[in-house]
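# Architecture and fold: a report
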Amino acid sequence: MKHNILVLMMIVAPLISWGQFSLQTCQEKAKANYPLIKQYDLIDQSAEYTLSNASKGCLPQFSVTAIAAYIIKGLPSMGPASEESEDKSQFIGIGQINQTIWDGGATHAQKEIIKADREVEKSNIDIAFHELAERVNQLFFSILLLDEQLNQSALLTDNLNRNLKAVRLSNENGVAYSSDVDEVKVELLKVEQRTIEIVHSRQGYANMLALMVGEPVNSNLQLEKPVMDDVPGEVTINRPELSLYQHQRNLVDAQQAMNKVGYMPKVGLLGAGLIIQPGVPFGAEKMQSLAIAGLSLSWNTKSLYQSSNNNQLARIQLDRINNQQETFLFNTNLQLSQQTSDIQKQRSILTKDNDIVALKTTIKKAYELKYQNGMCTMNDLLQATNGEIEARSNQALHEVQLLMTLNEYKTTSGN
């Protein structure tokens, strides 16, 4: 029996003395270890390159066209009559350069769209990390609860060992029955069974938490109980979803600005050159080149016709985003209200647990005295002992549940 308990405690010890990690530390390590965190840098890099491309839209644009053709029939000559060239293969080169002076605000609007889209993508990642924090919380408090159960099992084992020592001594003196010794041994075996279950369950949760935080299981991690704070009377919701809705609205506004750019005129500088191989019967006989320069003005009225519909579509998008935010806030406030009620209930239950544990401890001590005086059976004493441990277990369970609900309230509110 002693050997089995010693082996069991050797299994439990490294699990309970894992290190000293707080809930916040676990969340930070899980975030740093989560592969999705690389997306932040990738989004920034992608946005920088896209912004650079948008800025280069204002650089001079140069185009060259070369035409090599076979003339089936020459053009009529506008100069003095001349003998038609026998060479029917001709070459014409055209070069053009454009420099934008004002693009109607297209470059600026495109940059604003890129920036707004970047913030939308980052907000989606923030929401994913908020969900990751909730998963870490569940594992963290599950392990804390199992640790409390291990503590209660250890406490029960100590009580049973004391009873076993006492009943063996009484049996040797002819005061107690040998069956009393067997009853205590049975209870000790039950505690061992329960402890083995808890240890393996904790091992599973610990493995998952270790994978999430990127720490090896054998790194002597020990979970630290969070401080039991009070729930504030008024709380401001600071969830990443609210940032997402605002960035989505900014993106709609930026896209709407681009729609306005569509019906604005564009002004630029234009330069063009024409080179014709001598002998092409086009205009003057000896004409070989031509160069022009001036201002260019372009205006496409297609977007002007679509402006009214685009404005309506933008308003519909904004209304949808606002409706999503209203729905989110409604559900979140409803959840916070329920959690506030649970916190009040659990606090009330926990105050009663203190009284129950005190009474159960008194009852157990009374039965120990009765058994020593032969006024009750060993079964009665074991029931009283189990009753005290059950009361302490319930107290520990309710305390961890209260801590969990308090933390859920913080997570739900984003604080």
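Rules used throughout
- Residues numbered from 1 in each chain as written.
- Predicted model: local features only at pLDDT ≥ 70, side-chain atom pairs only at ≥ 80, totals over all residues.
- Heavy atoms only, no water.
- Helix = DSSP H or I, 4+ residues; strand = E, 2+ residues; numbered from the N terminus.
- Contact = heavy atoms within 4.5 Å.
- Expected span 1.5 Å × (residues − 1).
- pLDDT = per-residue confidence, 0-100.
- Salt bridge = Lys/Arg side-chain N within 4 Å of Asp/Glu carboxyl O.
- Buried < 20%, exposed > 50% of the residue type's maximum accessible area, 1.4 Å probe, protein only.
- Phe/Tyr/Trp six-rings, centres within 6.5 Å; stacked < 30°, edge-to-face > 60°.
- Lys NZ or Arg CZ within 6 Å of the ring centre and 35° of its normal.
- Core = buried A, V, L, I, M, F, W, Y, C linked by side-chain atoms within 4.5 Å.

Before going further, it helps to examine the side chain of Gln 346. Among the structural elements, Gln 346 can be located in helix H7 (residues 302-372). Those residues in contact with Gln 346 that lie beyond four places of it in its chain are Gln 401, Leu 402 and Thr 405.

All right, on to helix H5 (residues 178-213) then. The terminal C-alpha atoms of H5 lie 52 Å apart, and with 36 residues this matches the ideal 52 Å at 1.5 Å per residue to within 8%. Where H5 terminates, the next one or two residues include Gly 214, which has phi positive at roughly 75°.

Bringing the confidence of the model for the chain into the picture now. Low pLDDT marks stretches whose predicted atomic positions should not be read closely. Here the chain averages 79 in pLDDT, while 73% of its residues score no lower than 70. No element of the chain has a lower mean pLDDT than helix H1 (residues 2-16), which averages 44, and none a higher one than H7, which averages 90.

All told, the structure shown has 12 salt bridges when counted by the stated rule. With a shortest N-O distance of 3.7 Å, Glu 119 and Arg 118 are connected by a salt bridge. Residue class for Glu 119 comes out partly exposed when judged on its relative accessible area of 26%. With a shortest N-O distance of 3.4 Å, Lys 225 and Glu 399 are connected by a salt bridge. Residue Lys 225 is found in the loop between H5 and helix H6 (240-262), and its partner Glu 399 is found in helix H8 (residues 378-413); the two are separated by 174 residues along the sequence. Classification of Glu 399 as partly exposed rests on a relative accessible area of 26%.

What follows deals with the packing of aromatic side chains. What the rule picks out here adds up to 4 aromatic pairs. Taking 5.9 Å as the distance between ring centres and 70° as the angle between the ring planes, the aromatic pair formed by Tyr 34 and Phe 129 counts as edge-to-face. Residue Tyr 34 is located in the loop between helix H2 (23-33) and helix H3 (38-55), and its partner Phe 129 is located in helix H4 (residues 106-172); the two are separated by 95 residues in the primary sequence. Residue class for Tyr 34 comes out partly exposed when judged on its relative accessible area of 28%. The interplanar angle of 65° and the centroid separation of 6.2 Å between the aromatic rings of Tyr 245 and Phe 328 together place this pair among those described as edge-to-face. In this pair, Tyr 245 sits in helix H6 while Phe 328 sits in helix H7, placing the two residues 83 residues apart along the sequence. For Tyr 245, a relative accessible area of 10% corresponds to the buried category. Grouped by ring-pair contacts, the aromatic residues Tyr 34, Tyr 40 and Phe 129 constitute a single cluster. When the ring centre of Phe 129 is taken as reference, the NZ or CZ atom of Lys 31 above it lies at 5.3 Å. The residue whose ring lies beneath Lys 370 is Tyr 367, and the NZ or CZ to ring-centre distance is 4.8 Å.

Below, the discussion takes up the nonpolar core. In terms of nonpolar packing, the biggest core is built from 22 residues, with Cys 26, Val 136, Phe 140, Phe 141, Leu 144, Leu 209 and Leu 223 touching the most fellow members. Mapped by element, the contributors of at least two residues to this core are H2, H3, H4, H5 and H8. A per-element tally of this core places H4 first, with 9 residues. Beyond its immediate stretch of four places on either side in the chain, Leu 209 contacts Cys 26, Val 136, Leu 139, Ile 143 and Leu 223.

Within the secondary structure, Ala 384 is located in helix H8. Residues Ala 384 and Glu 368, spaced 16 residues apart in sequence, show a C-alpha to C-alpha distance of 8.8 Å. Other than its neighbours up to four places away in sequence, Ala 384 contacts Ile 363, Lys 364 and Tyr 367.

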